[in-house]
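What the coordinates show
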Amino acid sequence: MGLISTASSLLLLGTLASARVPLLPRDNVSTNITSETFFNGTCTANTVTIRKEWRNLSDDEKAAYIDAELCLMSLTGTTGLPGAEDMFSDLQAVHQHWTNTTDGDIIHSVGQFLPWHRWFVYTHGKLLEEQCNYTGTLPWWDEALDAASGNFFQSNMWDDDTGFGGNGSSPDNCVTTGPFANRTIHVGPMEATTDYCFKRDWNNTLGVADALQSNVDECYAYNDYLSFWKCLIANPHVAGHGGTGGVMVDGECSPGDPIFFIHHNYLDRLWWQWQQSNSTSRMYDMAGNTTSEEPATGWVDTTLDYVMSMYDILPNITVEEVMNIQGGYLCYEFDY
């Protein structure tokens, strides 16, 4: 099955999750997104790092990030998972692995979707830091800003020289320009382990429609995690994946495109802003099921005690440990 046919499975992630539990009514008060901090433990004003939107990086900072990604792609993988020949594809293989368990997908259409992906972006950053001596920030992509312009791909992050490179080329959508040009991926497509080219297939219409600020604001207005999470995966989550296309629409193996991490960093920012706006009730609010398919013993609720795994790239942690991005295990904020 080709990559193009996987788009429908990605776009259905929200449908799968929302099929069992209806969204709760939203309140009518405007959501006040603040820059309030929640330092705890070892995370202080002196130790917190700032994650910057790509366009707020200097050219030297952009080059350092791209170089670190290329470094990760040059280092031998450690997980032993099928197709994971280097440390960058280790991450892709872990993502693929947890989408295909005996209980189905345990990182999408589940309560731990946002905590696990928050941790996944952090894990990627730790590898850049520890394996490639990267000392810079983890960038994010302001997708709503680009959607407002009508050109989802207006950002200089798509530049061949200072960014991630651009769209794929006909007839097979393989990326042939930029720092990641002519890569061969070994993890995927979907559940397979085969060799294929690194692809992008831009869809400006989808990206603009799903990334609009009005869709984000709709999610912000929900007061409970379950409704917020389902709203987020229905449009903002789909925007970066479906808009970029190619590898990014492969629900199992989308981390094969480095854009994955700045897209999910953006989603993490949206979740954090939602948490900030009513921290008393939202900071540690968790709900949903632990599996996408019902186990023989019945559904299990996702709780703060749920243990998440990164396949030993990092030691296992609980959902609770990543709920506050300034709680000690994590220590960062966003530039805006």
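This report concerns the structure included in the present document. (Residues numbered from 1 in each chain as written. Predicted model: local features only at pLDDT ≥ 70, side-chain atom pairs only at ≥ 80, totals over all residues. Heavy atoms only, no water.)

1. Comments concerning empty space enclosed by the protein
All chains considered together, the criterion is met by two cavities of 30 Å³ or more. Estimates place the volume of the largest cavity at around 50 Å³. Every residue lining the largest cavity is listed: Leu114, His117, Arg118, His264, Leu267, Asp268 and Trp271. Broken down by element, the lining of the largest cavity gets its largest block of residues, four residues, from helix α11 (residues 259-277). Here the residues of the lining of the largest cavity are counted per class, giving three nonpolar, two polar and two charged. (1 Å grid on protein atoms, 1.4 Å probe; cavity = no way out; pocket = protein on both sides within 12 Å on 5 of 7 lines; lining within 4 Å. Points joined across faces, edges and corners; volume = space filled by probe spheres on them. Helix = DSSP H or I, 4+ residues; strand = E, 2+ residues; numbered from the N terminus. Nonpolar A, V, L, I, M, F, W, Y, C, P; charged D, E, K, R; others polar.)

2. Brief notes about the layout of surface pockets
To find the voids left in a structure, one rolls a probe of water-molecule size over its atoms. Volume-wise, the largest pocket comes out at about 410 Å³. Forming the walls of the largest pocket are 18 residues, and the residues nearest its centre are Thr49, Tyr122, Lys126, Glu129 and Cys331. Among the elements of the structure, β1 (49-51) and α5 (113-132) are those that each provide at least two residues to the lining of the largest pocket. The greatest single-element share of the lining of the largest pocket, amounting to four residues, is contributed by α5. Partitioned by chemical class, the residues of the lining of the largest pocket number eight nonpolar, seven polar and three charged.

3. Points about the packing of α5 against α11
The geometry of α5 relative to α11 is characterised by a closest axis approach of 9 Å and an angle of 130° between their N-to-C directions. Classified by the angle their axes make, α5 and α11 are oblique. Seen along the crossing, α5 lies across α11 with a hand that is left-handed. In this structure, α5 contributes Phe113, Leu114, Pro115, His117, Arg118, Phe120, Val121 and His124 to the contact, and α11 contributes Phe260, Phe261, His264, Asn265, Asp268, Trp271, Trp272 and Gln275. (Axes fitted to C-alpha atoms, helices over the stretch in contact; angles between N-to-C directions. Parallel < 35°, antiparallel > 145°, perpendicular 65-115°, else oblique. Left-handed = near helix turned anticlockwise from the far one by under 90°. Contact = heavy atoms within 4.5 Å.)

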